[in-house]
Amino acid sequence: MTQRRGGIKRSSQLTFRRRLFIARLLLRGPASTEDLIAAVQQELGAEGYPAAAVAALKHDLDALKSSYGCRIAYRRDSGGYVLEDLGSLALLKGSATAHEAIRALEARFPADSTDADAAHMHALLHHLRLLAAIEH
């Protein structure tokens, strides 16, 4: 029996790519199990998930938590999985000045405001906090 060269490396690269894609999806907002699986299948085609896609997704989510320190929670009221913290996948390193600027903007655009612009600004600030690993 001849083993194909590069198979394990290709599989590891695919797994890594799939997990990063899931983190990117969750950065956009909450997502259900079905939505995540469908998006991965659309992005990666036949290489996305095996027949046991739900189990594979759960394994990917667990790996994002254990390997990268991501905080991912399942919340029914939000419609699925929610990314609370990117852990070591955070892309930016916010300075103290950036932290203060975000706090000032949050004070001007509170989360409980009924103004649509304030809601959009709050969503953007939440996104920036995730990317920069800035705690509330």
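This text gives an overview of the structure that appears in the document. (Residues numbered from 1 in each chain as written. Predicted model: local features only at pLDDT ≥ 70, side-chain atom pairs only at ≥ 80, totals over all residues. Heavy atoms only, no water.)

**A short note on the packing of aromatic side chains**
Throughout the structure, instances matching the rule amount to two aromatic pairs. Judged by centre distance (6.5 Å) and plane angle (55 degrees), the ring pair of Phe16 and Tyr68 falls under tilted. Within this pair, whereas Phe16 is found in helix H1 (residues 7-28), its partner Tyr68 is found in helix H3 (residues 53-68), the two being separated by 52 residues in sequence. Its relative accessible area of 42% is what places Phe16 among the partly exposed residues. The exposure class of Tyr68 is partly exposed, given its relative accessible area of 22%. (Phe/Tyr/Trp six-rings, centres within 6.5 Å; stacked < 30°, edge-to-face > 60°. Helix = DSSP H or I, 4+ residues; strand = E, 2+ residues; numbered from the N terminus. Buried < 20%, exposed > 50% of the residue type's maximum accessible area, 1.4 Å probe, protein only.)

**Considerations on the nonpolar core**
If you look at the biggest cluster of nonpolar residues, it comprises 27 residues, and the most contacted ones within it are Ile22, Leu26, Tyr49, Ile72 and Leu83. Put simply, the parts of the chain that give this core at least two residues each are H1, helix H2 (33-44), H3, strand E2 (80-85) and helix H5 (116-132). Among the elements that line this core, the one with the most residues is H1, at seven residues. Residues within four places of Leu83 in sequence aside, it is in contact with Ala23, Leu26, Leu27, Cys70, Arg71, Ile72, His126 and Leu130. (Core = buried A, V, L, I, M, F, W, Y, C linked by side-chain atoms within 4.5 Å. Contact = heavy atoms within 4.5 Å.)

**Looking at the pairing of E2**
With respect to burial, E2 is a largely interior element, five of its six residues being buried. Of the pairings in the sheet, the one linking strand E1 (residues 71-75) to E2 comprises five bridges and is antiparallel in character. In the strand pairing of E2, Ala73 is matched with Val82. The turn joining E1 and E2, which pair antiparallel and follow one another in sequence, is formed by four residues; a positive phi near 95 degrees is taken by Gly79. (Pairing = 2+ DSSP bridges.)

**Remarks on the environment of Asp60**
If you trace the backbone, Asp60 turns up in helix H3. Asp60 gets classed as buried once you look at its relative accessible area, which sits at 0%. Considered as a pair, Asp60 and Thr15 are 45 residues apart in the sequence and their alpha carbons are 8.1 Å apart. If sequence neighbours within four positions are ignored, Asp60 has contacts with Thr15, Arg18, Arg19, Ile22 and Tyr49.

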